[in-house]
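Architecture and fold: a report
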Amino acid sequence: MIFDRPTSIELLTAVIDFLNTEIKEELPPHLVFKLRIVTNVLQIVQREIDLGENLSKEAEELIKEVIESTQEPSLVELANSIKSNTELDKDSLKDALIEITKSKISVDNPRYSTFKKLVE
């Protein structure tokens, strides 16, 4: 990578920490709630940068196991296969959809109680 430090992840972490430690205490309660929304969005972006490439590769592998494709496997192609009633192995499809959903939740909100139960 051509970029030196701080990395994108380090920059996002610094912004999140600054907002939570310096700014949060100075805001009235109605703005603290809005600040939580902002920090949650920044954390999602942070996790997507950190985990996104690996999770996408894992999803592609799962999709390859479910559908035969001549092109790069994608969620759109999987959805089209399901929609067109293509013969798919139901167990493989179910397993792939569960794993892809878990991957998405790990980025969107890893503190989600159902996600914690799924990964236990």
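One can find the structure itself at the top, above this paragraph.
Residues numbered from 1 in each chain as written. Predicted model: local features only at pLDDT ≥ 70, side-chain atom pairs only at ≥ 80, totals over all residues. Heavy atoms only, no water.

**A few points about the overall build of the protein**
Each helix and strand counted, the protein has five helices and zero strands in total. Secondary structure elements of the protein, listed N to C terminal, follow the sequence α-α-α-α-α. Relative to the compact-globule value of 14 Å for 120 residues, the protein shows a C-alpha radius of gyration of 19 Å, a clear excess of over 25%. Its C-alpha atoms give the protein principal-axis dimensions of about 60 × 40 × 25 Å. Here the protein, with 120 residues, has 25% of them falling under the buried criterion. Sequence-distant contacts in the protein: of pairs separated by 6 or more residues, those separated by 24 or more amount to 52%. Split by element, the accessible area of the protein, about 9200 Å² in all, is 55% carbon and sulfur. Averaged over its 15 positive side-chain charges, the protein has a centre that lies 8 Å from the centre of its 23 negative ones. (Helix = DSSP H or I, 4+ residues; strand = E, 2+ residues; numbered from the N terminus. Rg over C-alpha atoms; globule rule 2.2 N^0.38 Å. Buried < 20%, exposed > 50% of the residue type's maximum accessible area, 1.4 Å probe, protein only. Contact = heavy atoms within 4.5 Å. Areas by Shrake-Rupley, 256 points an atom, 1.4 Å probe, with all protein chains shown as cover. Lys, Arg positive; Asp, Glu negative; His and termini not counted. Charge placed at Lys NZ, Arg CZ, Asp CG, Glu CD.)

**Points about the nonpolar core**
Counting residues in hydrophobic clusters, the biggest one holds nine residues: Ala59, Ile63, Val66, Ile67, Leu78, Leu88, Leu93, Ala96 and Ile100. Of all the secondary structure elements, the ones that give two or more residues to this core are helix H2 (29-66) and helix H4 (90-108). Every residue in contact with Ile100, bar those within four places of it in the chain, is listed here: Ala59, Leu62, Ile63 and Leu75. Counting residues in hydrophobic clusters, the runner-up holds five residues, among them Leu12, Ile16, Leu19 and Leu42. (Core = buried A, V, L, I, M, F, W, Y, C linked by side-chain atoms within 4.5 Å.)

**Focus: H2**
The first and last C-alpha atoms of H2 sit only 49 Å apart over 38 residues, clearly below the 56 Å expected at 1.5 Å per residue. Largest kink in H2: about 55°, centred on Leu51. Regarding H2, the residues found buried are Val32, Leu35, Thr39, Leu42, Gln43, Gln46, Arg47, Gly52, Leu55, Ala59, Ile63 and Val66. (Expected span 1.5 Å × (residues − 1). Bend = angle between axes of the 7 residues up to and from the residue.)

**Structural notes on the side chain of Ser103**
Note that Ser103 resides in helix H4. Residue classification places Ser103 among the buried positions, given a relative accessible area of 16%. Excluding residues within four positions of it along the chain, Ser103 makes contact with Leu55 and Glu58.

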